[in-house]
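Secondary and tertiary structure notes
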Amino acid sequence: MTTRELNRRIKASIEEGADEIVIKNPSARHNIAVGVRRPCKITIEGSVGYYAASQLDGPEISIEGNAGWALGENLMSGKITLSKSAGASVAASMRGGEIFIGGNAGARAGISMKGGTLLIAGDSGFLTGFMMQKGRIIVCGDIGDAAGDSMYEGTIYVGGMVDSLGTDAKYEESTEDELIELWAELERNGVAGRPRFRKIVSQKKLYHYDTLERLERTLI
Amino acid sequence: MVYGNNQIWSQWTVDDIHAKADLGRYRIRGMSTHQRVTHFDDLTFLSTGLTRFPLEGYKEQCSTRVELGGLNAENPLVIETPIYITGMSWGALSANAKIALGKAASMVGTASCTGDGGMLPAEREASDKLIYQVLPSRYGANPNHMATAQAIEIVVGQGAKPGTGGLLMGVKVLDEIAESRDLPPGIDQRSPARHPDWLGPDDLAIKIEQLREATDWQVPIHVKLGACRVSDDVKLAAKAGADAIVIDSMVAGTGASAEILLDHSGIPTVPAIVLAREALREIGLYRKVSLIASGGIRNGADVAKALALGADAVAIGIAALIALNCNRDIPESDFEKEIGLPAGQCNRCHTGRCPVGIATQDPELVKRLDPDEGAERVANFLNSMTMELALLTRSLGKGDVKSLEPEDLAALTIEASVMARVPLVGTDKVFGT
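Calculation criteria
Residues numbered from 1 in each chain as written. Chains lettered and ligands numbered in written order. Predicted model: local features only at pLDDT ≥ 70, side-chain atom pairs only at ≥ 80, totals over all residues. Heavy atoms only, no water. Helix = DSSP H or I, 4+ residues; strand = E, 2+ residues; numbered from the N terminus. Rg over C-alpha atoms; globule rule 2.2 N^0.38 Å. Buried < 20%, exposed > 50% of the residue type's maximum accessible area, 1.4 Å probe, protein only. Contact = heavy atoms within 4.5 Å. Areas by Shrake-Rupley, 256 points an atom, 1.4 Å probe, with all protein chains shown as cover. Salt bridge = Lys/Arg side-chain N within 4 Å of Asp/Glu carboxyl O. Patch = residues over 30% accessible without salt bridge, like charges linked within 9 Å, V, L, I, M, F, W, Y side chains within 5 Å. Buried area = accessible area lost by both parts, 1.4 Å probe. Polar contact = N/O pair within 3.5 Å; in protein donor to acceptor, adjacent residues only side chain to side chain. Nonpolar A, V, L, I, M, F, W, Y, C, P; charged D, E, K, R; others polar. Domains from an automatic or database assignment. Expected span 1.5 Å × (residues − 1). Pairing = 2+ DSSP bridges. Axes fitted to C-alpha atoms, helices over the stretch in contact; angles between N-to-C directions. Phe/Tyr/Trp six-rings, centres within 6.5 Å; stacked < 30°, edge-to-face > 60°. Lys NZ or Arg CZ within 6 Å of the ring centre and 35° of its normal. Lys, Arg positive; Asp, Glu negative; His and termini not counted.

**Section: the overall build of chain A**
Counting its secondary structure elements, chain A contains 3 helices and 10 strands. Along its sequence from the N terminus, chain A presents helices and strands in the succession α-β-β-β-β-β-β-β-β-β-α-β-α. In terms of overall dimensions, chain A is globule-like: its C-alpha atoms have a radius of gyration of 19 Å, near the 17 Å expected for 220 residues. C-alpha atoms of chain A, sized along the principal axes, occupy 60 × 50 × 25 Å.

**Concerning the overall build of chain B**
The helix and strand tally for chain B stands at 15 helices and 16 strands. Scaling as 2.2 N^0.38, a compact globule of 433 residues should have a C-alpha radius of gyration of about 22 Å, and chain B matches this with 21 Å. Seen through its principal axes, chain B has C-alpha atoms that stretch 65 × 65 × 45 Å. The burial tally for chain B puts 60% of its 433 residues in the buried class. Within chain B, contacts between residues separated by at least 24 positions form 66% of all contacts whose residues are at least 6 apart in sequence. Accessible surface computed for chain B: about 16,900 Å², of which carbon and sulfur atoms make up 52%.

**Some remarks on the pattern of salt bridges**
Scanning the entire structure with this criterion turns up 40 salt bridges over all chains. A salt bridge links Asp408 of chain B to Lys398 of chain B; the nearest nitrogen and oxygen atoms lie 2.7 Å apart. Remark: Lys398 of chain B occurs in the loop between helix H14 (371–395) and strand E16 (409–411) and Asp408 of chain B occurs in the loop between H14 and E16; sequence separation between them is 10 residues. Each member of the pair, Asp408 of chain B together with Lys398 of chain B, is buried. Each of Glu73 of chain A together with Arg138, Asp197 and Lys207 of chain B takes part in a single network of salt bridges with overlapping partners.

**A short note on a nonpolar patch on the surface**
Together, Ile8, Trp9, Val14 and Ile17 of chain B make up an exposed nonpolar region whose accessible area comes to about 400 Å². Mapped onto the secondary structure, Ile8 of chain B falls in the segment before helix H1 (11–23).

**A few points about the interface of chain A and chain B**
One widely used convention gives an interface's size as the accessible area the parts lose upon coming together. In this assembly, 48 residues from chain A lie in contact with 55 residues from chain B. In total, chain A and chain B occlude about 4,500 Å² of area from one another, counting both sides; carbon and sulfur atoms represent 51% of this. Inspection of the region where chain A meets chain B yields 6 salt bridges. Between Lys11 of chain A and Asp216 of chain B there is a salt bridge, with its nearest N and O atoms 2.8 Å apart. On the surface where chain A and chain B come into contact, there are 28 residue pairs in polar contact (both at pLDDT 80 or more). Looking at the side of chain A that touches chain B, the elements with two or more residues in it are helix H1 (3–15) and helix H3 (214–219) of chain A. Grouping the amino acids of the side of chain A that touches chain B by side-chain chemistry returns 20 nonpolar, 14 polar and 14 charged.

**Re unusual backbone geometry**
Residue and element names in this part refer to chain A. A positive phi angle, near 55°, is found at Ser93, a position not held by glycine. Within the element layout of this structure, Ser93 appears in the loop between strand E4 (79–82) and strand E5 (98–101). Of note, Arg108 is a non-glycine position whose phi angle comes to about 60°, a positive value.

**Focus: the domain arrangement of chain A**
By domain assignment, chain A separates into domain 1 (1–84) and domain 2 (121–205). Placing the centre of domain 1 of chain A and that of domain 2 of chain A at their C-alpha centroids yields a distance of 27 Å.

**Digging into helix H2 (residues 95–108) of chain B**
Quick reminder: α-helices carry 3.6 residues per turn. Residues three or four places apart thus point the same way. All names here are of chain B. Taking 1.5 Å of rise per residue, 14 residues should cover 20 Å, and H2 covers 20 Å from first to last C-alpha, within 8% of that figure. Along H2, 11 of the 14 residues are buried, which leaves the element largely enclosed by surrounding structure. Taken together, the buried positions of H2 are Asn96, Ala97, Lys98, Ile99, Ala100, Leu101, Gly102, Ala104, Ala105, Ser106 and Val108. Residues of H2 that are buried make contact with strand E5 (83–85), strand E6 (112–113), helix H3 (121–126), helix H11 (318–323), helix H13 (363–366) and H14. Positive backbone phi, at 75°, marks Gly109, one or two positions downstream of H2.

**Examining the side chain of Asn96 of chain B**
All names here are of chain B. Residue placement: Asn96 occurs in helix H2. According to the relative accessible area criterion, Asn96 is buried, its value standing at 18%. Discounting chain neighbours no more than four positions away, the residues touching Asn96 are Val366, Leu369 and Pro371.

**Regarding the sheet that holds E6 of chain B**
All names here are of chain B. Spatially, 8 strands are ordered E5-E15-E14-E12-E11-E8-E7-E6 in an open sheet, and the strand pairing comes out parallel. With partners counted over all chains shown, the strands left at the sheet margins are E5 and E6, one partner each. Against the sheet, helix H7 (residues 230–239) engages strand E11 (221–226) and strand E12 (244–248), with an angle of about 155° to E12. Against the sheet, H14 makes contact with E5 and strand E15 (313–316), and its axis sits at roughly 155° relative to E5, the strand it touches most.

**Points about the packing of aromatic side chains**
Inspection of every chain in the model, using the stated rule, returns 2 aromatic pairs over all chains. When the centroid spacing of 5.4 Å and the interplanar angle of 0° are considered together, the rings of Tyr50 of chain A and Trp69 of chain A count as stacked. Note that Tyr50 of chain A is positioned in the loop between strand E2 (41–45) and strand E3 (60–63) and Trp69 of chain A in the loop between E3 and E4, a separation of 19 residues in sequence. Take Tyr50 of chain A and Trp69 of chain A: they sit in the same class, and that class is buried. Aromatic side chains Tyr209 of chain A and Tyr26 of chain B sit 5.8 Å apart centroid to centroid with 85° between the ring planes, which places their arrangement in the edge-to-face category. With one member in each of two chains, Tyr209 of chain A in the loop between strand E10 (198–202) and H3 and Tyr26 of chain B in the loop between H1 and strand E1 (28–31) form a pair that bridges those chains. Positioned over the ring face of Tyr209 of chain A is Arg25 of chain B, at 4.8 Å from the centre of the ring.

**Remarks on the side chain of Arg108 of chain A**
Tracing the backbone through its elements, the reader meets Arg108 of chain A in the loop between E5 and strand E6 (114–120). Notably, Arg108 of chain A is buried but unbridged: the nearest opposite-charge side chain belongs to Asp203 of chain B, and the N-O separation is 6.4 Å.

**A word on the sheet that holds E5 of chain A**
All names here are of chain A. With mixed pairing, 10 strands are arranged side by side in an open sheet as E1-E2-E3-E4-E5-E6-E7-E8-E10-E9. Each having just a single partner strand, strand E1 (20–24) and strand E9 (169–173) make up the two edges of the open sheet. In this sheet, neighbouring strand axes are inclined to one another by 15° on average, regardless of whether the strands run parallel or antiparallel. Note that E5 and E6 share 4 bridges and pair parallel. From the neighbouring strand, Phe100 faces E6, where its bridge partner is Leu119. Sitting on the sheet, H1 touches E1 and E2, and the angle it makes with E1 is about 160°. Those strands touched by helix H2 (residues 176–188) are E5, E6, strand E7 (134–139), strand E8 (155–158), E9 and E10, and its axis lies near 70° from that of E7.

The structure is reproduced here in C-alpha cells:
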C-alpha cells in the first residue's frame, strides 16, 4: 500500500464512521496520517518517518515507536502521543492541542510554536523553542544550546540542565501554582517524578527596532 | 569623461550616510530596488513582414488561457490570462486591498494569492481561485484554510529580499493582525528566513509530499524562489517534485525590506527566466513543470516578453497596487503632509500611513479604498494588459500566447543579448554564447 493509498483509506474510514483505526507495520514511512481534520482515534503500531500526524485538527493519535522530523507539525487541536523519541522540529508551528513525547526530542523542538502544549519526558536538543510565539513546552530532562532563542511569548519549562540560553531568552522561577499544574500534567501522561521546573521566557528586547528615521518619526 | 556630479559620493549616498549615522541601523523601505538593471525594455519584438503574416490585431481569436501545475495535481490551476496577483499579506495590505485584489482576479478569471499572514476569510470569499502560501513564518497557517485553496505555494525566498523573511513594522501589527499571526500586538515583526520543519532539498521533497497528502493530491504545489542561484535552485525544486516554480527577481516589490537587501541581492527578471528555462530543459521538465515569473511586470509587453523567454505565466504585485491607486493623488489624500513625499515617489509602505488605504491598517485610512471600485480598476488593468499581450501575439502571427518563443525577440543592448540569449538588433549575433 502506498502512502497515498494509506492516507486515503484513513480518511475514508473516518468518513464511514470508524471508531478507531489501527495502522500496523508503518515501516517508518514519511507522511502517515497527514491532514486528518476530524475528531477520531488512530493508533500506529511502530515507528514513523517525517511529518507523521501533521496538519491535523481534532484527532487523537497514538504512536508506539519513534518518529522522524516534524511530528505533529501545525497541529490545530487534538492529541498526539509518541511512546519513544522524536527527531528534529517536533511540534513545529503547532497552534493548539497536545503533543506528548515519551522519550527524547531532537533539535528545534517546538520551533515557531503558536499554541498548545508540548511535553517531553526526556531531553530536547539545540534551539528548543526557537522563535516560539505562544504555548508551553515542558521538558522534564535537559535542553541543549540556545534554548528559547528569539522567542516572542510562551513558556519553556525545564526540569534538568540547560547547555545555554538563546538570544533574548531569560530564566524565571516557576510559581508553586505552576509547579502543581505541571506535576498534574506529568501524572496525566504517566511521567514519574516531580521536577522543580525553571521557566525560560522572552526578555522582549527584540520586540522593536530602537530607532526610527527622521521622516518616520514624524509619521509613526 | 568628467561628470558634473561625483559618481561615488552622490547626493543620495551622502544623505544615506547621514541617515545611518542618525539611525544606527540599516534603513527600511517599501517598493523595489533602485538599481539600474537590464529589463524587458531592453528587448523588442520582431513582428511580421514577408517571412510570416500577422493575425488581425483587434479581431482574430488569440487564446490567453493557461494551465499551471498539471504534472501531479488532479486539478491544475487554469487561468484565463497568464497574469495573476502575487502573494501580499493581509497586514502589509489592508483587508480592503486584499478583498479588491481577490475580486479583481475573479472578474478576469485569474488567481490571487494569500501572503505572509495567513488567509483572510474575506479574500477567500472574493477570490474564485486562491493560491495559499506556506511560508517560513507559518503565521495563521491552518490546514482547514489550505484545503480550500486552488494551489499551494511553498515560499523559499522572495526576490526583493532573498535570504531573509518578511518584515512588518509594529505600527501595522494591530490587534487583529497580531491575533491572526499569534504575535504580541505592536511588535516589529521580523519573520523567520528558514522553514521550521525542513531545511534542504531532500527535506523539501518530503514536505511537498506532505502537502499533497494534506490536500489529497487535488491541487498543484508551487515553489517560489528568490532569483539568485537560479539554475541549481530550479533543478532542486523540480527534482523535489514541484508542479510549478515561481522565480521572483530582484526587481520584485515588497511592503518593507532592509534597503541594502533590495538593492544588493538577487538577479533581474530577464536572466532569471532564461536560467530557469534552461535548467528545466536540462532535466527534461521544461513545459512539464510550469514556470512563473515575477518582478517588474508593468504592461502587456512585459508579459509577452516573459512568456517568449520561457515563462508560462507571470505574477504581479506593485502594478496591481498602482492600479488600486498606489501613488495617486485622490481627493481624500495629501501625500506631502501625510507621508512626506509627493504622490509618484512614495515608497513608505512600511510606515502604515498609506494615504490611499492600501498599505495600512489605520481604520480611517483604510476607508479611502473602496474594495468594489478598487476591484474594478485592477480588473480593468488586468484586462488592458491581457489585450496588449494578445495584440502583440497576433502581430507576431500567433493565435495563442503559449506560442511565443525566444525567436520572436531581439535585444536592444549587448547586455540584454547576453542575458536573454537572443540576437542583438542589427546583427545575427547572440552575445555571450
